[in-house]
Amino acid sequence: MSVDETRLSLGVSPFPSWEGGLGFYPPPPGRRAWPGGESCSFHHQELVARLAHGALIREVLLTPKPGLVDRRNSGAHRDMGLDTFLTSAEAIAPWFSKFFLCGMSGHRSPAEHVLAMLRSDGVACEKAMFAATGGINTHKGSVFAFGLLCGAVGRCHGQGRPLDVQTICDEVAGICRDLVERELDRAGEATTAGEHLFHQYGLTGARGEAASGFQTVRTFSLPAFLAVEAETGSEQLALFAALLALLASNADTNLVARGGPEGLLFVQREASRLLAEGGVHAPYFMAKMAAFDDALIKRNLSPGGSADLLAVTWFLARLSLFRDHNDKNLPKEEVSDVDA
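Residues numbered from 1 in each chain as written. Predicted model: local features only at pLDDT ≥ 70, side-chain atom pairs only at ≥ 80, totals over all residues. Heavy atoms only, no water.

A. The nonpolar core, seen in detail. Grouped together as the largest cluster of nonpolar side chains are 89 residues, with contacts concentrated most on Phe-96, Phe-146, Leu-149, Phe-214, Phe-315 and Leu-316. Tallying contributions element by element places helix 3 (residues 82–105) first for this core, with 12 residues. Excluding residues within four positions of it along the chain, Leu-316 makes contact with Leu-149, Val-165, Cys-169, Val-217 and Leu-222. (Core = buried A, V, L, I, M, F, W, Y, C linked by side-chain atoms within 4.5 Å. Buried < 20%, exposed > 50% of the residue type's maximum accessible area, 1.4 Å probe, protein only. Helix = DSSP H or I, 4+ residues; strand = E, 2+ residues; numbered from the N terminus. Contact = heavy atoms within 4.5 Å.)

Now the structure itself:
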């Protein structure tokens, strides 16, 4: 089912065109053109935005997901559902191209200076999310992750560098250099949830994952995704494999915030048990995931950090679209498929 069909079945408007959200920005003063020409830059701008939006849609539609919003239920959440997430994804989608353009325009700046450039667009993107959801935080973690990723793609494109997993993730790490030290490991009383969790448990959360260049994704979920997709040809099974890998390995601060270290340990143990039983290849796998979902709902646990990283996993897995079409326009139907 396409995104438009999904939204129509929910009684809400289809995903709109990118009108107004993908306008071409000229290169900075003193530069005659972006690498590959204007059409190439526009193509990359459009593709990165569609990939980021497509990642969010695939994450929320994957069902069943333990403790998370999906087609089955609202997980451990009482203030949001599937329609909330689809509406939120639609509201923030136009900003992904803006992140790309921000990174591209700052391609000559030191990497560590780019974060401040991206932050203003990130704050505006969050405001668009809250306006669309009535103040509900659906995608704040994803705005952070994909703001960095789209900005890194734009920056690397502006520099004429390869748009592959290693290059993009290394660029994100460079942009976020010393971020944990600046924003979490500082003297004084903790004022944010992230600071409290860092000071109490040493957890670095989304900041630490970004500063590592999404090391958890590259080590666990991305290899799991690629292996299962290559073996089975099923993107859905590959996403489930990636999700289990994340639930077993990710130090998800959302779980600790809701259930303490015990909540995190419960999820990691259950995911590890399912992997030991054969993972996505085990008999009755979907029934086991549904039972896992029920168990987390009962405990009020929602692994939102792993949900964000699942979307990141799919995005990184599809970076090959840039490589395969680096110097030519992607066929229109193939561009459309990435957010379907």
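From this point, things continue past the structure.
B. Summary view of the confidence of the model for the protein. Of all residues in the protein, 82% have pLDDT values of 70 or greater, and the mean over the chain is 86. Note that pLDDT drops below 50 for residues 1–37; the model gives that stretch 74 contacts with residues more than four away or on any other chain. Across residues 327–336, where pLDDT falls below 50, the model places 12 contacts with residues more than four positions away in sequence or in other chains. (pLDDT = per-residue confidence, 0-100.)

C. How the structure looks around the pattern of salt bridges. One pass over the full model with this rule turns up 16 salt bridges. A salt bridge links Glu-59 to Lys-65, with the shortest nitrogen-to-oxygen separation between them at 3.8 Å. Using a relative accessible area of 0% as the deciding quantity, one classes Lys-65 as buried. Residues Arg-155 and Glu-171 are paired through a salt bridge, measuring 2.3 Å at the closest nitrogen-oxygen approach. (Salt bridge = Lys/Arg side-chain N within 4 Å of Asp/Glu carboxyl O.)

D. Up close: the packing of aromatic side chains. One pass over the full model with this rule turns up three aromatic pairs. Each ring, one from Phe-240 and one from Phe-285, has its centre 5.5 Å from the other, and the planes form 80°; the classification is edge-to-face. Of this pair, Phe-240 sits in helix 11 (residues 235–249) while Phe-285 sits in helix 13 (residues 285–299), placing them 45 residues apart in sequence. This pair shows no difference in class: Phe-240 is buried, exactly as Phe-285 is. The cationic tip of Lys-98 hangs over the ring face of Trp-95; the distance from NZ or CZ to the ring centre is 5.2 Å. One Lys or Arg, Arg-299, reaches over the ring of Phe-266 and ends 4.0 Å from the middle of that ring. (Phe/Tyr/Trp six-rings, centres within 6.5 Å; stacked < 30°, edge-to-face > 60°. Lys NZ or Arg CZ within 6 Å of the ring centre and 35° of its normal.)

E. Examining the packing of helix 10 (residues 215–232) against helix 14 (residues 304–317) more closely. Remark: helix 10 packs on helix 14, axes separated minimally by 10 Å, with the N-to-C direction vectors making an angle of 65°. Considering the relative orientation of helix 10 and helix 14, their crossing is right-handed. Two secondary-structure elements touch here, helix 10 through Val-217, Ser-221, Leu-222, Phe-225 and Leu-226 and helix 14 through Leu-309, Val-312, Thr-313, Trp-314, Leu-316 and Ala-317. Tallied by class, the residues present in the contact of helix 10 with helix 14 amount to nine nonpolar, two polar and no charged. (Axes fitted to C-alpha atoms, helices over the stretch in contact; angles between N-to-C directions. Left-handed = near helix turned anticlockwise from the far one by under 90°. Nonpolar A, V, L, I, M, F, W, Y, C, P; charged D, E, K, R; others polar.)

F. Just helix 3, in detail. Compared with an ideal rise of 1.5 Å per residue, which puts 24 residues at 34 Å, helix 3 spans 35 Å between its outermost C-alpha atoms and is within 8% of the ideal. At Ala-93, helix 3 shows its maximal kink, close to 35°; a proline, Pro-94, follows between one and four residues later. Within helix 3, 17 of the 24 residues are buried, which leaves the element mostly enclosed by the surrounding structure. (Expected span 1.5 Å × (residues − 1). Bend = angle between axes of the 7 residues up to and from the residue.)

G. Seen up close, the environment of Ala-257. Structurally, Ala-257 can be placed in helix 12 (residues 253–276). Through-space distance from the C-alpha of Ala-257 to that of Ala-193 is 8.1 Å; in sequence the pair is 64 residues apart.

H. Seen up close, unusual backbone geometry. With an omega of 0°, the peptide bond between Thr-63 and Pro-64 qualifies as cis. Structurally, Pro-64 can be placed in the loop between helix 2 (37–61) and helix 3. Unusually for a residue other than glycine, Asp-178 sits at a positive phi of about 65°. Assignment of secondary structure puts Asp-178 in the loop between helix 6 (165–175) and helix 7 (179–183). Taking relative accessible area as the criterion, Asp-178 reaches 46% and is therefore assigned partly exposed. Backbone geometry places Phe-214, a non-glycine residue, at a positive phi of 55°. By the element assignment, Phe-214 lies in the loop between helix 9 (205–211) and helix 10. Judged by relative accessible area, which is 2%, Phe-214 ranks as buried.

I. Quick peek at helix 13. Here helix 13 contains 15 residues, and its C-alpha end-to-end distance of 21 Å stays within 8% of the 21 Å for a straight helix at 1.5 Å per residue. Listing the buried residues of helix 13 in full gives Phe-285, Met-289, Ala-290, Phe-292, Asp-293, Ala-295 and Leu-296. Elements in contact with the buried residues of helix 13: helix 11 and helix 12. Backbone geometry just after helix 13 places Asn-300 at a positive phi near 60°.

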